Amino acid sequence: MATSITPAREDSPEAGELAPTRRGRYNVLTRYDRRVLMLMVGIPLLLEIIFIWWPTLSSILLSFTNYDGVGDVGPQNFVGLKNYQFMFSGYTLFWPAFFHNVIWLAWLAFIATPIGIFFAVLLDRELSGTAFYQSVFFLPVVLSLVIVGFIWELQFSPTEGFINNAFGLTKANNIIDWLGNPRINLFAILIAASWRHVGYIMVIYLSGLKSVDPTLREAAKVDGANEFRTFFRVIFPVMAPINTVVAVITTIEALRAFDIAFIVNQGKNGLELLSILITNNSISEASLVGFGSAIAVILLVISLGPIIVFLSRVMRTTS
Amino acid sequence: MGDSRGPKIAGSSERILIPGTGIELPVDFDLSRRDMLKIAGYGSLAAFIAACGGTTPTTTSGSVTAKGGSMSIGSYLSDAVPKKGLQDVVDAFTSANGGTKVKVNTVDHGTFQNTINNYLQATPEDIFTWFSGHRMRFFAKKGLAQPIDDVWNDVKSNFTEGFAASVKGDDGHVYAVPTSYYPWAIFYRKDVFTARNYKIPTNWDDFIKLCQQMKKDNLIPMAFADKDGWPAMGTFDILNLRMNGYDFHVGLCGGQQKWTDPKVANVFKKWAELTPYYSPAFAGLTWQEAAQQLRQKKAGMYLLGLFVSEQFVSGGNADDINQLDFFPFPDLGTQYDSEKALDAPIDVYMLAKKSPTLGTDSGQAKAFLEFMSKGSSQITYWKASPGAIPTANDADPSQYPALTKKAAQIVSGAKRITQFFDRDSRPDFSGPNAMQGFLLRYLSSPKQDTSSLQGQMQSFWDSLTPE
Amino acid sequence: MSAAAVRAPRIRPARVVLHGFLIAMAALWIFPLFWAIYSSLRPISDTIQHGYLSWPSNGLSLINYQTVWSQAELPYYYLNTLVIAVPAVVLTLLLASMVAFACTQFSWRFNLATLMIFTAGNLLPPQVIIVPLYRIYLATPIPVLGEIDIGKFAFPIFSDRGLLYDQYIGIMLIHIVFQTGFATFVLSNYMKTISKEITESAIVDGAHVLRIWWNIVLPLCRPALAAMATLLFTFIYNDFFWALILMSTGSKRPITSALNNLQGEFFVNNNLIAAGALLVAIPPILVYIFLQKQFIAGLTLGSTKG
C-alpha cells in the first residue's frame with residue numbers, strides 16, 4: 001500500500017527484505033554507530049518492557065493472590081487457584097460477561113464487518129459521488145467511543161430520545177428502554193459501536209481493493225463470471241492478507257470493548273464485559289485486585305489468539 | 001425544639017438524644033450484639049450509645065490548628081448546588097482563617113467513589129469528602145485515613161453522642177467530622193396533591209390505592225431511576241426494615257443473616273406490588289432525571305433522600321422548592337412498623353493520611369475541620385439548598401429552610417436508623433457488579449421467583465474474603 | 001436490491017438502485033450526528049414545551065454552546081489534552097522511527113523479536129495492565145521543578161507531587177509507550193520499502209547512523225510520518241481510559257476523560273449533552289475535514305490498530 005512513495009531504487013531486489021550479507025554489513029558500522037543503534041532500539045524497548053510487559057507479567061502473578069490493593073503484596077497473599085475457581089464456578093457475572101464479549105465478536109464479525117466490506121465493494125466501483133459516500137461512512141471513525149456513546153444516547157434515551165419519539169414509543173405501556181432493558185441494551189450499544197466499526201473496516205478494505213491487480217477482474221469478466229462470483233472466487237482470495245488484518249481488528253475490537261458500556265451504565269445490568277469486570281473489581285472502592293487480575297489473565301489469554309495470528313502473518317511477510 | 005440545644009449527653013444508656021432535635025428517645029440495647037453492629041455500622045441510635053463507652057484519646061488543644069498557609073480538599077460534590085455550597089464555606093473559611101488558600105479538586109460523584117481506594121493511596125488532597133458507617137471504618141482500618149482525635153476534642157461539645165459514635169473507627173479513634181445528614185422519605189409536590197385532592201397515605205393499601213389513582217390521572221405514580229445502580233438500595237432498605245425489622249436488616253448487611261432467607265423473598269414479593277407504578281424505563285434513567293419528573297409534575301411521588309431538593313433548586317423556579325414536601329414510608333402492618341426505621345446517612349469530612357501536603361497543611365486542614373463543625377458554617381453550606389441537615393448543636397434551626405426542619409423531625413421520630421445499604425454493608429458487596437447488579441436483575445422482572453437470584457447473592461457474599 | 005445492482009452494473013436502472021441504496025445508507029449514517037446538532041441548537045425550554053420531535057418554535061440558538069463553553073470551562077480541558085497529546089505524538093514518532101530505522105535498515109539477530117514485542121504490546125487490552133501500571137506510577141519518583149502558570153491553568157514541570165501518578169507527564173508516557181508499538185509497526189513496514197542501498201552508501205561515505213536517520217531516512221518517510229501524526233493525535237485525543245484511572249485531579253483530566261465529570265455537573269439535559277459532546281468532537285471533526293487523507297493513510301498503512 002505504501003509502495004507509491006518508495007525511493008528511486010525500487011528495482012533493487014533486496015528492497016523489502018533483509019540484506020543477505022548479514023555479517024558484512026554489520027562490520028561496516030563503527031563501534032560508536034553500533035552503540036547509537038543499540039540505544040535507538042534499547043530505550044524504546046526498555047520503556048515498552050517496563051510499562052507494558054512487566055505489568056502484564058505482574059497481572060498474572062497478582063491473579064494468584066488475594067491482594068486488596070493496599071500496601072505491599074507478599075507471600076501471605078498467595079491463594080493459589082482460588083480466584084480462578086471462584087471465577088468459573090461461583091462468580092455469577094463471569095460467564096455473562098464472557099458471552100457478552102462473544103456476542104460482541106459475533107455481531108462485529110457477522111454483521112458490522114461484512115457491512116463494511118460490502119460498502120467497500122460498492123464504493124470500489126467508480127461511481128459518481130464515491131468520495132461523498134466514503135466521507136459519510138467514514139465520519140464516525142474519527143470520533144471517540146465516548147462521543148459515539150453520547151450521540152447514541154440521544155437516539156436511545158427512553159422518553160427524550162429520537163427513536164422512541166419517532167415511533168410513538170414514549171408512553172408507559174409501550175416504552176422501550178433501549179439502554180436499561182438487559183435483554184436489548186447490549187444490542188443497542190452494538191449498533192452504536194457498529195456505526196464506527198463499519199466505516200473503519202470499509203476504509204481498510206477499500207484500500208486493499210484499490211491495490212488488486214485490475215487484470216484479474218478483466219480476466220474474470222472475460223470468463224463470463226458475474227460480479228458476485230468475481231468477488232468471492234477471485235478478489236476475496238487475493239485479498240487474503242487484508243482479510244487477516246480485518247479479522248484481527250474485529251477480534252481485538254470485540255475484546256477491547258469498554259468505553260461505550262462504561263459510559264452508558266458502568267457496565268452492569270446486561271452490559272457486563274470482561275474489560276469492565278476487571279476495572280470494576282480492581283479499580284473499585286473495595287479494590288479486589290487479586291480477583292480482578294484473574295479476570296485480566298483470562299482476557300489476556302483470549303487476546304493472545306488474535307495477537308499470535310497477526311504476528312505470524314507479520315513474520316511470514318517479513319521472512 | 002430549639003430550647004434544649006447545646007451539649008447534652010444521655011446519662012443513662014436507656015435514653016438517647018436525636019441529633020439536632022433535642023428529642024429524647026427510649027432505647028433498649030444489648031451489648032452482646034456489639035459484634036453484629038460493628039459490621040453493620042453504628043447504624044442505630046442504640047449503637048451510638050453503645051459506642052460512647054469507648055475512651056477518647058485526649059490531646060492538649062491549642063496547637064491543633066494553624067492560620068494562613070494553604071490546604072486542599074478532594075470533593076465528590078460535583079452537582080451544581082452542593083458544589084456551590086462547598087465553595088461558599090471555603091470562601092468563608094479563607095477569610096476567617098487568615099487567608100488560607102484552599103484548593104478544591106472536584107471529581108464526579110461516581111468516579112470519586114469508584115476510584116477512592118486508588119485515590120487515597122496515591123496523592124490525595126488533605127481533606128476528602130466521604131460517608132460515615134462501614135465505609136468510613138473500612139478506610140480507617142486500611143490505614144488510609146488520619147485519626148483526628150485532637151480536632152474532635154476541640155469540637156465534640158458541639159455534637160451529640162450519637163454523632164460522636166458515628167465517626168469512631170474500630171480502634172476507638174475518631175476519623176471524621178460529621179457535617180450533615182439526611183433522611184430518605186417519600187417526596188411529593190404539595191400543589192399536585194392539593195389540586196388532585198390526594199391524601200397522604202399512612203398504610204400500604206392506601207399507598208397502592210393512591211398509586212392506582214395517580215396512574216388513572218396520567219401521572220407516573222412513583223418516580224424511580226436506577227441507571228446508577230444505588231438508588232434501588234433505598235427501596236430495598238426501607239422494605240426490609242419495615243417487614244423484617246432493624247436487627248434482621250443489619251444482620252443481612254453484615255452477613256450474619258442469609259440472603260436465601262424466605263424473609264428476603266417476601267421483601268421482593270412486596271416490592272413487586274410497587275414496581276408497576278414506577279417511571280417507565282427506569283433502568284435507563286438517572287436519579288436527577290427522575291427528580292425532574294417530580295419537579296415537572298409528571299410524577300406524583302419519589303422515594304429518595306432529601307438531596308432530591310437540589311434538583312428543585314437548580315431548576316431555577318423558586319416556587320418548586322416551596323412546593324416540595326415529603327411523608328414517611330407508609331406502615332406495612334408488621335410488628336416493625338413501630339420502629340419507624342429509616343435510612344439517614346451521615347456525610348463526613350476526613351483527613352487523607354497519604355496526602356503529600358498534609359505534613360505542612362495539617363494545621364490548616366484541622367482548622368477547616370473545626371470550621372466545618374460550627375453550626376454557622378454548616379448553615380452557610382446548606383443555605384442554598386435544603387439537601388441535608390446540619391449536625392452541629394449550635395446550628396440555629398430557625399435558619400433552616402422549612403423542608404430541613406421537617407426532615408430533622410422525621411429522623412427524630414425514628415427509633416432505628418440505618419445509614420444506607422452501601423454504607424452499612426461491605427463495599428465489595430454493594431458495588432456495580434454485585435448488589436447493584438443483583439437488584440437491577442430483580443427489577444428487570446420483579447414478578448420472577450427470586451430464589452435463584454437470592455442464591456447468587458448469598459454465594460457471592462460467601463465468596464468474599466472475610467474482613 | 002443491492003444484489004441486483006451488483007449483478008449488472010452497466011444497466012442504468014441498476015445504477016439508480018445502487019445510488020438509491022447508497023443515499024439511503026448515507027442518510028442513515030449521518031442522521032445521529034444531525035440529530036445531535038439539531039438537539040444542541042434548541043433551547044431546553046423549547047423542547048420541554050414541544051417535545052424533542054418538533055420544529056423549533058422560537059428558532060435555533062447557540063445558547064447551549066455558550067452555557068457549556070463558559071460554565072464547564074471547556075477551554076481548560078482542551079488545553080489539558082493539548083499539553084498531553086502534542087508532545088506524546090512527537091515523542092512517539094521519534095521513538096518509533098528510531099526502532100523502525102534500526103530494525104529495517106540494519107540486520108540484527110533480534111530484529112523480528114523486537115518488532116513483535118512492540119506490535120503485540122499495542123494489541124493488548126489496556127485493562128490487562130492497569131493495576132500494576134498504577135502501582136508503577138505510584139512508585140516512580142519524578143522531579144518537581146515548579147510550574148508554568150497561564151491564568152487558571154498550571155502546567156507542572158514535570159510533576160507537582162513528585163510522582164508519575166496524576167500528572168500530565170504520566171498520561172503522556174503511557175500514550176507514548178502504548179502507541180510506539182503501533183507506530184513502530186507501521187513505520188517499519190514503510191521503511192522496508194526504502195532501499196537499503198541508501199543507508200549503505202551513506203555509511204560508506206562515513207555518515208553516522210544518527211545523521212542517516214535524521215537527514216536521510218526521516219525525510220523519505222514524511223508522508224508516513226504525517227499520516228501517523230494525524231492518526232496518533234486522534235487516538236490520544238479520543239482516549240478515555242488511561243486518564244480516568246491514572247489521573248485523580250478532575251480539572252487536570254484531558255477533555256475526553258473529563259466528559260464524565262462534566263455530565264453530572266453541567267450537562268443536565270439532553271440539549272446540553274449534545275452541545276457538550278459536539279464541542280468535544282470538534283478537533284477530531286477538523287481532522288476529518290482537513291486531514292482525512294492522512295488519517296486514512298495512517299489507518300491503511302498499519303491496518304492493525306485494534
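About the criteria used
Residues numbered from 1 in each chain as written. Chains lettered and ligands numbered in written order. Predicted model: local features only at pLDDT ≥ 70, side-chain atom pairs only at ≥ 80, totals over all residues. Heavy atoms only, no water. Domains from an automatic or database assignment. Contact = heavy atoms within 4.5 Å. Polar contact = N/O pair within 3.5 Å; in protein donor to acceptor, adjacent residues only side chain to side chain. Helix = DSSP H or I, 4+ residues; strand = E, 2+ residues; numbered from the N terminus. Core = buried A, V, L, I, M, F, W, Y, C linked by side-chain atoms within 4.5 Å. Buried < 20%, exposed > 50% of the residue type's maximum accessible area, 1.4 Å probe, protein only. Buried area = accessible area lost by both parts, 1.4 Å probe. Salt bridge = Lys/Arg side-chain N within 4 Å of Asp/Glu carboxyl O. Nonpolar A, V, L, I, M, F, W, Y, C, P; charged D, E, K, R; others polar. Phe/Tyr/Trp six-rings, centres within 6.5 Å; stacked < 30°, edge-to-face > 60°. Lys NZ or Arg CZ within 6 Å of the ring centre and 35° of its normal.

Participant: Would you mind going over the domain arrangement of chain C with me for this structure?
Facilitator: The parts lose accessible area when they come together, and the size of an interface is often stated as this lost area. All names here are of chain C. Once the domains are mapped, chain C shows domain 1 (2-64) and domain 2 (72-302). Each of domain 1 and domain 2 was reduced to a C-alpha centroid, and the two centroids are 35 Å apart. In this assembly, 11 residues from domain 1 lie in contact with 7 residues from domain 2. On the surface where domain 1 and domain 2 come into contact, there are 3 residue pairs in polar contact (both at pLDDT 80 or more). Taken together, the elements giving at least two residues each to the side of domain 1 that touches domain 2 come down to helix H2 (12-40) and helix H3 (44-50). With 5 residues, the top contributor of residues to the side of domain 1 that touches domain 2 is H2.

Participant: Please explain the nonpolar core as it appears in this structure.
Facilitator: Side chains of a nonpolar character, in soluble globular proteins, are inclined to be buried together. Among the nonpolar cores identified, the biggest contains 356 residues, and B:Trp271, B:Met301 and B:Phe368 are the most heavily contacted of them. Not counting chain neighbours up to four residues away, the residues in contact with B:Phe368 comprise B:Met71, B:Ile73, B:Leu86, B:Val89, B:Val90, B:Phe93, B:Ile127 and B:Tyr349. Judged by nonpolar contacts, the second largest core, of 5 residues, contains A:Leu45, C:Val99, C:Cys103 and C:Leu115.

Participant: Can you help me understand the interface of chain B and chain A in this one?
Facilitator: Every contact between the two is made by 37 residues of chain B and, on the other side, 34 residues of chain A. In total, about 2,800 Å² of surface goes out of reach between chain B and chain A, with carbon and sulfur atoms giving 54% of it. Sorting the residues of chain B by area buried against chain A places B:Asn114, B:Lys227 and B:Asn433 first, and these three jointly supply 22% of that buried surface. Scanning the region where chain B abuts chain A turns up 3 salt bridges. Put simply, B:Arg135 and A:Glu285 hold a salt bridge, and the shortest N to O gap is 2.6 Å. For the interface between chain B and chain A, the tally reads 10 residue pairs in polar contact (both at pLDDT 80 or more). For the side of chain B that touches chain A, the secondary structure elements donating two or more residues are helix H4 (109-114), helix H5 (116-121), helix H6 (134-141), helix H20 (427-430), helix H21 (435-444) and helix H22 (451-463) of chain B. In terms of residue count, H21(B) provides more of the side of chain B that touches chain A than any other element does, 5 residues in total. Of the residues that constitute the side of chain B that touches chain A, the class distribution is 15 nonpolar, 16 polar and 6 charged.

Participant: Whenever I open this one, the packing of aromatic side chains confuses me. Can you help?
Facilitator: Here a ring pair, both rings aromatic, is described through the centre-centre distance and the interplanar angle of the planes. Summed over all chains, the structure comprises 89 aromatic pairs over all chains. Judged by centre distance (5.9 Å) and plane angle (35°), the rings of A:Phe88 and A:Trp95 are tilted. A:Phe88 sits in the partly exposed class, given a relative accessible area of 38%. For B:Lys406, the ring lying beneath its charged end belongs to B:Phe326, and the centroid distance is 5.0 Å. Directly above the ring of B:Trp461 sits B:Arg426, whose terminal nitrogen or CZ lies 6.0 Å from the centroid.

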